[in-house]
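Survey of secondary and tertiary structure
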Amino acid sequence: MTHFDIEFAAVTDIGKIREKNEDNVLISSDLGIGIVADGMGGHSAGEIASSIAVSVLAETIRKINTGKLQIPTTFLPKLSVVERKILLAANLANAAIYSTAQSADNYRMMGTTLTGVLIENDCATAVHVGDSRLYLLRNNKIIQITTDHSLAMEHIRRGLLTKAEADHSKIQNILTRAMGIKKNIEFDLLRFPVQVGDILLLCSDGLYKGLNETQIGNLLRSGRNLPLVKLCKQLVHKSNDGDGQDNISCVLLKILPKQKLTLKQRIKSLFKK
């Protein structure tokens, strides 16, 4: 149950030079989720890995919500139900990718990033691995919520590179963690309250290669009154102009005031149940 409405939009683009799009995105207003996954691996393996990631994550959450799947009582019992739900879904998605990777030689090296956010009980709960990102625009300030699991980020932490240097470094694309590479992996779990006016942006690295954080923040601020899908397309288009060397994916969630239903809408909603 939430005390506000959520608007969703998603756009993914092949970019200027890639032969195929290995990114996958998913939004679901009934589940309250947005997901971005950036696949990697030869042949069509990256595309398959990212597709499994988004579909299994969403389908598992749906099954838990409808009572078709129970969260095992032994699974991380100290966490909240929402945290356990999204982490179980992410673990099952990783197991599905790993199993597929072992099934054929041309899938052996496939993997994917994953950044997914679930909005429930007036909170955002995010699961994250790799270098896709989650940003939050609140009170006109942009904050990067996730931390990249990349060699470049390790170098920043150790003081070997500045963030500006890392953005243009050759090691930028080397991941230290991703789905599908191991049977069991560690996901970052992030949880924070959301409020009316917040805009959440999930994106693959293709987006922030073409736009820096300041530019992303400026576009979100200046376009906050646009239809959300138009703002999504604008971000992808501007990023493509700035770089375009990779696939570009963008998912936006906007927190809106709860709309009061008319009598007609209330009657209609009763028959939906």
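Described below are features of the structure shown in this document.

Parameters at a glance
- Starting afresh in each chain, residues are numbered from 1 along the sequence in its written order.
- Confidence filtering applies because this is a predicted model: local features only for residues at pLDDT of at least 70, side-chain atom pairs given and counted only at 80 or more, and all residues used for totals across whole chains, interfaces and linings.
- With hydrogens and water set aside, each side-chain value is computed from the structure's full complement of heavy atoms.
- Strands are runs of DSSP state E lasting at least two residues, helices are runs of H or I lasting at least four, and both sets are numbered from the N terminus onward.
- In this description the radius of gyration comes from C-alpha coordinates, and the expected globular size is given by 2.2 Å times residues to the power 0.38.
- With a 1.4 Å probe rolled over the protein chains alone, any residue whose accessible area is under 20% of its type maximum counts as buried; one over 50% counts as exposed, and the rest are partly exposed.
- The contact definition used throughout considers only heavy atoms, calling two residues in contact when any of these lie within 4.5 Å.
- Method for areas: the Shrake-Rupley scheme with a 1.4 Å probe, in which residue coverage is limited to the protein chains shown.
- Charged residues are defined here as Lys and Arg on the positive side and Asp and Glu on the negative side; His and the ends of the chain fall outside this count.
- Positions of charges follow a simple convention, taking NZ of Lys, CZ of Arg, CG of Asp or CD of Glu.
- Strands are labelled as partners when DSSP assigns at least two bridges between them.
- Nitrogen and oxygen atoms within 3.5 Å of one another constitute a polar contact, given that in protein one can donate a hydrogen and the other can accept it, and given that sequence-neighbouring residues count only through two side-chain atoms.
- As used in this record, nonpolar core signifies buried Ala, Val, Leu, Ile, Met, Phe, Trp, Tyr and Cys residues forming a set joined through side-chain atoms within 4.5 Å.
- Axis definition: a line fitted to C-alpha atoms, limited for helices to the stretch in contact. Angles are taken between N-to-C directions and run from 0 to 180 degrees.
- Each direction from the helix axis to a C-beta atom contributes to the arc, which is the arc of those directions.
- An expected span of 1.5 Å times one less than the residue number is assigned to each helix.
- One side-chain nitrogen of Lys or Arg within 4 Å of one carboxyl oxygen of Asp or Glu is enough to make a salt bridge.

Before going further, it helps to examine the overall build of the protein chain. Each helix and strand counted, the protein chain has eight helices and eleven strands in total. Its C-alpha atoms give the protein chain a radius of gyration of 19 Å, within 12% of the compact-globule value 19 Å for 273 residues. Structurally, the protein chain occupies a C-alpha span of about 60 × 45 × 35 Å along its principal axes. Each of the 273 residues in the protein chain was classed as buried or not, and the buried ones make up 47%. The long-range fraction of contacts in the protein chain, counting pairs at least 24 apart against all pairs at least 6 apart in sequence, stands at 70%. Working note: accessible area of the protein chain is about 13,700 Å², and carbon and sulfur atoms make up 53% of it. Across the protein chain, the mean location of the 35 positive side-chain charges is 8 Å away from that of the 27 negative side-chain charges.

As defined by bridge partners, strand S2 (residues 23-28) adjoins strand S3 (residues 33-40) across six bridges and the pair is classed as antiparallel. Following the sheet pairing, valine 25 is matched in S3 by valine 36. Linking S2 to S3, which pair antiparallel, is a turn of four residues; within it glycine 32 sits at a positive phi near 75 degrees.

On to the side chain of serine 50. Along the chain, the position of serine 50 falls in helix H1 (residues 45-65). Only 3.2 Å separates the side chain of serine 50 from the backbone oxygen of glutamate 47, close enough to count as a polar contact. Here serine 50 is in contact with Glu22, Asp23, Asn24, Ala37, Asp38, Gly39 and Thr112, once residues within four sequence places are set aside.

What follows deals with the nonpolar core. With 32 residues, the main nonpolar core has Leu57, Leu114, Val127, Met179 and Phe187 as its most contacted residues. Taken together, the elements giving at least two residues each to this core come down to S3, H1, helix H2 (81-103), strand S5 (114-120) and strand S6 (123-129). In this view, leucine 57 contacts Ile35, Ile52, Ile86, Ala89, Ala90, Ala93, Leu114 and Val127; residues no more than four positions away in its chain are not counted. Counting residues in each nonpolar core, the second largest holds 22 residues, with Ile216, Leu228, Leu235 and Ile248 among its members.

Attention now goes to the sheet that holds strand S8 (residues 141-144). The strand order S1-S11-S10-S7-S8 describes an open sheet built from five strands, whose pairing is antiparallel. The strands lining the two open edges of the sheet, one partner per strand, are strand S1 (4-13) and S8. Mean inter-strand twist for the sheet, computed between neighbouring axes without regard to direction, equals 20 degrees. Across the sheet, helix H7 (residues 228-242) touches S1, strand S10 (199-203) and strand S11 (248-257), and the angle it forms with S11 is around 150 degrees.

What follows deals with helix H6 (residues 213-222). Where H6 is concerned, the buried positions are Ile216, Gly217, Leu219 and Leu220. Down the axis of H6, the buried set is contained in an arc of 165 degrees. They therefore lie on one face. Seen from the open side of H6, the exposed residues pointing more than 90 degrees away from its buried face are Thr214 and Ser222. Here the buried face of H6 lies against strand S7 (133-138), S8, S10, helix H5 (205-210), H7 and S11.

Turning next to H7. The end-to-end C-alpha distance of H7, which contains 15 residues, comes to 21 Å, matching closely the 21 Å that a straight helix rising 1.5 Å per residue would cover. Residues Leu228, Leu231, Cys232, Leu235, Val236, Ser239 and Asn240 constitute the buried set of H7. Those residues of H7 that are buried are in contact with S1, S10, H5, H6 and S11.

Moving on to the pattern of salt bridges. Opposite charge on two side chains permits them to pair, given that their charged atoms come into close proximity. Under the counting rule described, the total for this entry stands at eleven salt bridges. Residue aspartate 105 pairs with arginine 108 through a salt bridge whose shortest N-O separation is 3.0 Å. Look at arginine 108 and you get partly exposed, because its relative accessible area is 36%. As a salt-bridge pair, aspartate 246 and lysine 209 come within 3.2 Å of each other at their nearest N and O atoms. In this pair, aspartate 246 is assigned in the loop between H7 and S11 and lysine 209 in helix H5, connecting sequence segments 37 residues apart.

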